[in-house]
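Tertiary structure, described
The primary structure of each chain is shown beneath.
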Amino acid sequence: MYHPDAVQYRLMRVILILTGGVLMGADALPPVIRAQCAGCHSGSAPQAGLDLSTPASALKGGKTGPAYKPGSAEMSLMIAKIASGSMPPGKKLATAEIASIRDWIGAQKPLHAGVTEASVIPIFQMRCVTCHGKRKQEGGLDLRTQAARLKGGKSGPALVPGDPDASLILKRITAGQMPPPKQLFEAFVRPPSSEEVDLLRAWIAAGAPPAPGIPAVEEQFTAEQRGWWSFQPPVRRTPPAVKNKAAVRNPVDSFVLARLESKGAAFAPEAGGLALMRRAYLDLTGLIPTAEQVHAYLADTRPDAYERLVDQLLDTPAYAERWARIWLDSAGYADSEGIIHEDRLRPNAWRYRDSVIRALERDQPYNEFLTEQLAGDELADPRAIQQPTQRDIDRVAATGFLRMAPDGTYSPANGSVAERMNVIADEIEVFGSTVLGLTIGCARCHDHKYDPVPQRDYYRFSAILQSSFDPYDWVKPTERNLELALAGEKEEAERHNQPLEAEVKRLEALIAKQPADDKAKEETQRLKKELADTKAKLKPKPSIRALYDMGGEPSPVFLLKRGEAQQLGDRVEPRVLSVLARPDLRPYDPAAPYEGTAGRRLALARWLTQPDHPLTARVLVNRMWKHHFGRGIVETVANFGKTGAPPSHPELLDWLAAEFVRSGWSLKAMHRLMVTSAVYRQSSIAPARSLAADPDNKLFSRMPLRRMDAEQLRDSMLLATGRLSRERFGPPVPVETRPGGEVVEKAARDQWRRSVYLLQRRTTPVTLLDSFDLPAMSPNCTERAMSTVSTQALELRNSPVVLEHARYLAGRLLDGHPSDGARRIEEVYLRTLSRKPTAAESERAAAAIERLETGWRAHLSEQRSTAPHSFTAKWHGLGDFVHAMLNSAEFLYAD
């Protein structure tokens, strides 16, 4: 029995063969295409710019590139769309119809009519300019421009227009001499395909016609698109009037309370003094208060004691370390490259981390901070500074903001142009989500589906980075560093490395002399391990992982159809988002601040930091609000576009943004404003009417009960147990994997540093931090998950490190108060929960510790332990009590 589709398929194949693969004439597409597709894809304004009325128009393609690739159905977008059923919309073509289209495409020969320089530029960019480009010109040959190709190198002109056979470039390619086989792996390039060679030949034969100029395309937007709320400049409105004026402490409260009163609700009661104190410590410093700080706060009876505490906390180094960690999440900070299993370390990334901490500590205005993050190297030529100060170093290191995305392009297997473009795309994602609060990465392959971000604008923005990140003139991430005179670090590294380098040479010589037999195998392996261990002790060459311009004219930038590296569309120039081109904003206008840099990133920074920019201040204050109140005024902190959440209090967001600029872009001023408000001082327990009117707390009718994040938990645990080191800055603390599989830091001299200083290696996160939602940077994290899972309780209960910390505190308490059990219990409460125990709690704690001591004495006797049973049982019993307190909900959560 024959299936109708099968009969029709055989008939079509016969007709195709007899007609040479073309139905209805050489200039016609298969009838099924005209019947099913031409309705939407023909005429003066075809959908997505794709005209399917002729083979030539189909080959020209639309916004996503050519509809088909002559001779290759598998590589044709038309087939992919039709076979998946996404086209035609709502109807899947029959098997025989799809087969007829496949056969028609397979029978087509490549067309080279109208070929211009634009057609062959991808070949030069992908295959040639690595060795014949800006930084390297082997044989004196530069293949980036037509003038340079005609000029040629030591062997003469690279091409002869109109004569492919006389063109040196084709001779070398067809002979297999170019690219040189030995450099294919080293230079991360591949030889041109046969189709590319045919295209080059056709272009030269046609006289090597030049590429058309950059099209002057002005994007068109509707009034609704231009009028989107986040694209309008913030307006500093007068705070609204409220009924309960006594509840207002500052203007922030008026905006929030007015909304609550309109719903028949009110603020929750104010949190207790110690609860509010602990909340402020955790929010501003990432640490719980010490017992001494609790006593000092209780002793301060002045009416503005809380406001004084806030000022004190903002002036501590701990504040800068805490809020630097939040910015580092947004930047995607990591001490390793990622991408491949090796996960190679970035030995100098820590300078970026330190520069952020120092900037926040001195309350650097955000407009200056952001300028240095994007273009610190363009404010002054770093190579011209003979004796750089720490401030000079930090200004350059700040550009590490755009060097933190995963980057495996140091590996030949991951060094292709497409992989390089992925790195650039990740950096654009970091910038867009952190600074603009827009998902501009969605426009990489096509126009943004929801927001007015054309694909052309995405590549215009990419062109801003092209002078630093040129995918066709790439510098490996391991080599893209600036070497400055780093205050004696180079000499110190040389002194440290000198004996180690001598030992490396000695071991290498011994390994080379080892006989290649089984008897020497064990000794050879031992020597190799010793060699690896010695190399690991070598200090890296001091340098700064920075972003800087490569000098000279960067490669031209093209729109990439479907985001594919080899599908070049129109050429584009550096520009910011078209929808934000407003008469009240200065235009983006790059100019070189000094010779050797283009000034593109500096112009971007200055465009962003205009006082009336609609996004810069809004996005930053919203993120600050989110970290203080548990949710942002715009809940989607990285998406202020159409698919993001609308602001719950738009007037408040505008007022905060305008006040931020008015304060001189001071972060500390905004922190002070937020945490001294009545909104912040609320308890987590709200009256019933507020719960009914605001069940999800979107109107901020109460403060949420929040668990510590990973770093707050680990750092507070170390502080409570007396093990936290206050050492600051410098290379990260290395980590190690213990026999049980737990990843912990290598604490030097029993000094446990804050989590921000630990090695942030992508493949080996510290287990305690990982269990409590330490984010994977891929490429960054604008909002952490907050999970509650069993593995967290298991980690706190079973981790030898946590138990070790608990016993350390127990030992200190026994040493300090050997005969005062009640004092020890009080001290544990003050250190862990920031309060004294009640009488009932003290009684229960004493009984629990006694039972634990009894159990330990019995256990030690059974084990025939040689340790003094009485003291060891007391130590372990108290240690178990401390361990339980560190596992308690009251320790883990802030009211």
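Above: the structure in question.
This write-up is about the structure you can find in this document.

Right, let's get into the nonpolar core. In this structure, Phe-431, Leu-604, Trp-625 and Leu-656 are the most contacted members of the largest nonpolar core, which totals 129 residues. The element that contributes the greatest number of residues to this core is helix H20 (residues 417-436), accounting for 10 residues. In terms of nonpolar packing, the next biggest core, distinct from the first, is built from 46 residues, Ala-318, Val-828, Ala-845 and Leu-892 among them.

How two aromatic rings sit relative to each other is set out by the distance from centre to centre and by the angle between their planes. Summed over the entire model, instances satisfying the criterion amount to 17 aromatic pairs. Summarising the aromatic geometry, the rings of Trp-229 and Phe-640 are spaced 5.4 Å apart at their centres and angled 35° between planes, so their arrangement reads as tilted. Here Trp-229, found in the loop between helix H11 (223-226) and helix H12 (251-262), pairs with Phe-640, found in the loop between helix H25 (616-629) and helix H26 (650-662); they are 411 residues apart in sequence, far enough to count as distant. Assessed through its relative accessible area of 22%, Trp-229 is described here as partly exposed. An aromatic cluster is built from Trp-327, Tyr-366, Phe-369, Phe-401, Phe-660 and Trp-665, whose rings are joined through pairwise contacts.

What follows covers helix H21 (residues 455-466). An ideal rise of 1.5 Å per residue puts 16 Å on 12 residues; H21 measures up with 17 Å between its terminal C-alpha atoms. Most of H21 is tucked away: 12 of the 12 residues are buried. Of all the residues in H21, the buried ones are Gln-455, Arg-456, Asp-457, Tyr-458, Tyr-459, Arg-460, Phe-461, Ser-462, Ala-463, Ile-464, Leu-465 and Gln-466. Taken together, the buried residues of H21 touch H20, strand E1 (557-560), strand E2 (568-572) and helix H24 (600-608).

Before going further, it helps to spend a moment on the layout of surface pockets. Size it by volume and the second largest pocket reaches roughly 1300 Å³. The wall of the second largest pocket is formed by 35 residues, among which Leu-538, Lys-539, Pro-540, Pro-731 and Pro-732 lie closest to the centre. Elements that contribute at least two residues to the lining of the second largest pocket include exactly helix H17 (350-361), helix H22 (489-513) and helix H23 (518-536). With four residues, the top contributor of residues to the lining of the second largest pocket is H22.

Under the defined criterion, the tally for this structure stands at zero disulfides. With no disulfide partner, Cys-37 has as its closest neighbouring cysteine sulfur the one in Cys-40, 8.5 Å distant. Its sulfur unpaired, Cys-445 is 9.6 Å from the next cysteine sulfur, which belongs to Cys-442.

Proximity of charged atoms lets side chains of opposite charge pair with each other. The full count for this structure, using the stated rule, is 59 salt bridges. Two residues, Lys-134 and Asp-473, come together in a salt bridge whose shortest N-O distance is 3.7 Å. Of this pair, Lys-134 sits in the loop between helix H6 (117-127) and helix H7 (146-151) while Asp-473 sits in the loop between H21 and H22, and the two are 339 residues apart along the sequence. The pair Lys-134 / Asp-473 is uniform in exposure class, with both members buried. Here Arg-201 and Asp-165 are joined by a salt bridge, their closest N and O atoms 3.0 Å apart. With Arg-201 in helix H10 (residues 194-205) and Asp-165 in the loop between H7 and helix H8 (168-174), this residue pair connects regions lying 36 residues apart in the sequence. For Arg-201, a relative accessible area of 31% translates into the label partly exposed. On the accessibility criterion, Asp-165 (57% relative accessible area) is exposed. Three or more residues are tied together by salt bridges with common partners; here these are Glu-321, Glu-361, Arg-714, Asp-715, Arg-728, Glu-745 and Arg-754.

The rules behind these values
- Residues numbered from 1 in each chain as written.
- Predicted model: local features only at pLDDT ≥ 70, side-chain atom pairs only at ≥ 80, totals over all residues.
- Heavy atoms only, no water.
- Core = buried A, V, L, I, M, F, W, Y, C linked by side-chain atoms within 4.5 Å.
- Buried < 20%, exposed > 50% of the residue type's maximum accessible area, 1.4 Å probe, protein only.
- Helix = DSSP H or I, 4+ residues; strand = E, 2+ residues; numbered from the N terminus.
- Phe/Tyr/Trp six-rings, centres within 6.5 Å; stacked < 30°, edge-to-face > 60°.
- Expected span 1.5 Å × (residues − 1).
- Contact = heavy atoms within 4.5 Å.
- 1 Å grid on protein atoms, 1.4 Å probe; cavity = no way out; pocket = protein on both sides within 12 Å on 5 of 7 lines; lining within 4 Å.
- Points joined across faces, edges and corners; volume = space filled by probe spheres on them.
- Disulfide = S-S within 2.5 Å.
- Salt bridge = Lys/Arg side-chain N within 4 Å of Asp/Glu carboxyl O.

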